[in-house]
Amino acid sequence: MYLHPFHGLTRVCALGALLLPLVGGAQPSPQNIVLLVDNHESMQNYPVPLPEVFTPGFYPTPVNPAPGEPGGNGPAGHFINTGCTDPALVEAMSWYDKDSLSVRKNGAIPYDADPTLGSRFFEAEKFYQSRGRRLGWQVRESPYALTYDFKTLDPLKDTLTACYQTVGWESVYYFTPVIDECMKCLETKGWWRGPVVSSLSTGSMKSPTRAVDEPPLSQEALRKWVVKGGVLNLRPPKFVIARKVLKDLVASATGVRLSVATFGQDHGWYDPPDILSGLGLRPTCEAATGGALPVADQDALRTALNNIQYRNNERSTGEALFGLGGYFSSSKRTGPYNTWENWFKQPLNPGFGWPGCCNGGTYDNTQTGQSGQTWGFASDEWVKPPRFINGMYLPGQPFESADPTLKHYCSPTQGSQVVVITGGRPFYDNTVPITRMMELLIQRGARHPDGSLLTFNSYDPERNPNVGGVNYCEQFALSREVCDYTDWNWPTGLGRGNKNFMDDVAFFLANTDLREDLPGVQSLRTSVVNLAGSDEPMLHSMALAGNGVSLHAHTSEQLRAALQTALSSSFRRPGPGIIPSSPPADPADP
């Protein structure tokens, strides 16, 4: 786990109880924590891909090999660098040994044996169809091991079926050297590196495919493997790690109220987050005694985590964060404190290069041809109600329930935080009312963490050398422009140094009083736990802007420690420059 120094913590607390008391005194009420779980398709990936290494000159190179011979190319793909005996490959897979007496090497213990799932993740002695980057998924790959709902697996009991399934039972592979190699590897090693999808692959074996607005697939994504469940118990996919660790957190957490959310379905431009655990945080204020969560609430949160579908083609972190700001905003939506709807009512007239009606918009998507002229133009863009479109239910922008037993704040001094558990940097994620957010912040004299005043100038962003706003990427990379990434990412802003707005959203939530109907300040912090393999300056910038912590985890132990750090730092600390709203004359009961 990697911790950036800006979060102000010098160590990771020992594992065990996942929450620590407020430093300097007792917390007046339990913290509100939203676990915002990335449901992008890449969460299916392994934290570290299965190896592609090989020893030069080791693999045979026969002339004109048949499809079922080493080097052959045919309907199941190209058999190149396959097997389990290449010295470089054996060394790269040495972390697994099916014959070891240690469970740390043989993976004999299922990683997640939750009986409410459709399968145990994973059965050590069964075989699973995989790719180098992830398990074969029923929706995108053939053969597959992971079914469409992410709760059930389709493992195999014998080597013959596993090997012939890999080649689609095509007759050209019957009784061939590659099948013998596969079966021997599974019997002796418990894994086999198989063929690579090629131009000669046929039917469902020519999978997965890629949309025109998605980056090209890696070699690991095209390489077929068969592995024993013990391999997967030692190095499970990201979503399996996140799901299990978060369920453990729910079972052991004390002194908090929790909610589970994911990035929203496609609602058009702006995609509100999905709240999967019910509109209220759990437990209710009346049941929040400071101890463990009631069993019914644990069950509901565990069910919500098990129900997450890791199939989104966008990683709309900023839009989800923005929607959670609405979720925590003033509850009197039909009275004088319908704050969120008043703030973000159209038209915003942001000017070209920014989202919003009626003079906003951007250039068309060069990959798909989609028009950018009406970027964020809907009259209810940022307060979308629930609706059915083409038979599909879209939950819309979440708000606090009118039911007083489901209120978000148990007291005016209660702190709230979003902890983002993500597989990488956001993309396809900029339909938020940035110009209006910046306007509100500047009106209130918001300041950056270094004490300087926030500035923003939306005029002519293509020629404006300094549009301002929030971008701290130069603290974690060579320049601010590192976070201006536009490849495979549309729409984006046009202003140099602020083309992606997710850190602006985090700053707005941390530096704004979201509840004008309550005394004091109710802001919303953002912390980020990154499960991706590379350092991401944008995620660090978001956490710094959101007055939270930025952490990095690859393994279960690292994720547990990262959540420990994020949650133990969740006690309320208003952001720099935040100005409390004046309490209403008739303050609502918190």
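Anything mentioned here points back to the structure above.
Residues numbered from 1 in each chain as written. Predicted model: local features only at pLDDT ≥ 70, side-chain atom pairs only at ≥ 80, totals over all residues. Heavy atoms only, no water.

Peer 1: So what's going on with the pattern of salt bridges? Which residues, and what values?
Peer 2: Counted by the stated rule, this structure contains 23 salt bridges. The shortest N-O distance in the salt bridge between Glu481 and Arg496 comes to 3.2 Å. Remark: Arg496 occurs in the loop between α11 (434–443) and α12 (502–510) and Glu481 occurs in the loop between α11 and α12; sequence separation between them is 15 residues. Looking at Arg496, the relative accessible area reads 56%, which means it is exposed. The network of salt bridges with common partners includes Glu41, Arg133, Arg134, Arg140 and Glu141. (Salt bridge = Lys/Arg side-chain N within 4 Å of Asp/Glu carboxyl O. Helix = DSSP H or I, 4+ residues; strand = E, 2+ residues; numbered from the N terminus. Buried < 20%, exposed > 50% of the residue type's maximum accessible area, 1.4 Å probe, protein only.)

Peer 1: Give me the lowdown on the pairing of strand β12 (residues 416–422), citing residues and values where you can.
Peer 2: Within β12, seven of the seven residues are buried, leaving the element largely enclosed by the surrounding structure. The alternating pattern of β12 places Ser416, Val418, Val420 and Thr422 and Gln417, Val419 and Ile421 on opposite faces, both of which are buried. Taken together, the six bridges between strand β2 (residues 31–37) and β12 define a ladder with parallel strand orientation. Across the sheet, residue Asn32 finds its bridge partner in β12, namely Ser416. Alignment of β12 against strand β13 (residues 525–530), held across six bridges, turns out to be parallel. Residue pairing across strands places Ile421 opposite Val529, the latter belonging to β13. (Pairing = 2+ DSSP bridges.)

Peer 1: Which residues make up helix α3 (residues 159–166), and what values do they have?
Peer 2: Among the residues of α3, Thr159, Ala162, Cys163, Tyr164 and Thr166 are the ones counted as buried. Buried positions along α3 lie against β5 (127–131), α4 (177–188), β6 (191–196) and β7 (223–228). The distance from a side-chain oxygen at the start of α3 to the backbone nitrogen of Leu160 is 3.3 Å, and the residue carrying that oxygen is Asp158. Phi turns positive one or two residues past the end of α3, at Gly168, with a value near 65°. (Contact = heavy atoms within 4.5 Å. Polar contact = N/O pair within 3.5 Å; in protein donor to acceptor, adjacent residues only side chain to side chain.)

Peer 1: Lay out a nonpolar patch on the surface with the relevant residues and their values.
Peer 2: A grouping of Leu160, Trp169, Tyr174 and Phe175 is seen on the molecular surface, where their side chains present a nonpolar patch of about 480 Å² in accessible area. For Leu160, a relative accessible area of 40% translates into the label partly exposed. (Patch = residues over 30% accessible without salt bridge, like charges linked within 9 Å, V, L, I, M, F, W, Y side chains within 5 Å. Areas by Shrake-Rupley, 256 points an atom, 1.4 Å probe, with all protein chains shown as cover.)

Peer 1: Quick one: what's the story with the state of the cysteines, residue by residue and with numbers?
Peer 2: Taken as a whole, this structure holds five disulfides when the rule is applied. The disulfide that involves Cys163 links it to Cys182, with 2.0 Å between the sulfurs. The S-S bond linking Cys163 to Cys182 shows a torsion near -90°; that makes this disulfide left-handed. You can see Cys163 sitting in helix α3 and its partner Cys182 sitting in helix α4, a full 19 residues away along the chain. Residue Cys163 is classed as buried on the basis of its relative accessible area, which comes to 0%. A sulfur-sulfur distance of 2.2 Å marks the disulfide that ties Cys285 to Cys410. An S-S torsion of about -90° defines the bridge between Cys285 and Cys410 as left-handed. Highlighted residues: Cys285 in the loop between β9 (274–275) and α8 (295–306) and Cys410 in the loop between β11 (392–394) and β12, separated in sequence by 125 residues. Assessed through its relative accessible area of 15%, Cys285 is described here as buried. (Disulfide = S-S within 2.5 Å.)

Peer 1: Residue-level account of α11, with values.
Peer 2: Burial of α11 is extensive: seven of the ten residues sit out of reach of the surface. Along α11, the residues that are buried comprise Ile434, Thr435, Arg436, Met437, Met438, Leu440 and Leu441. In this structure, the buried residues of α11 make contact with α9 (317–327), α10 (339–343) and α12. Residue Gly445 follows α11 closely and has a positive phi angle near 75°.

Peer 1: Give me the lowdown on the packing of aromatic side chains, citing residues and values where you can.
Peer 2: One pass over the structure, following the stated rule, counts 30 aromatic pairs. Ring centres of Phe328 and Tyr409 lie 6.1 Å apart, and the angle between their planes is 65°; on these two criteria the pair is classed as edge-to-face. In this pair, Phe328 sits in the loop between α9 and α10 while Tyr409 sits in the loop between β11 and β12, placing the two residues 81 residues apart along the sequence. Classification of Tyr409 by relative accessible area gives buried; the value is 1%. Judged by centre distance (6.5 Å) and plane angle (15°), the ring pair of Trp375 and Phe501 falls under stacked. (Phe/Tyr/Trp six-rings, centres within 6.5 Å; stacked < 30°, edge-to-face > 60°.)

Peer 1: Give a detailed account of the environment of Phe456, specifying residues and quantitative values.
Peer 2: Inspection of the secondary structure puts Phe456 in the loop between α11 and α12. Placed 106 residues apart in sequence, Phe456 and Ala562 show a C-alpha to C-alpha distance of 34 Å. Beyond its immediate stretch of four places on either side in the chain, Phe456 contacts Trp354, Ile434, Thr435, Met438, Ile442, Val467, Gly468, Gly469 and Asn498.

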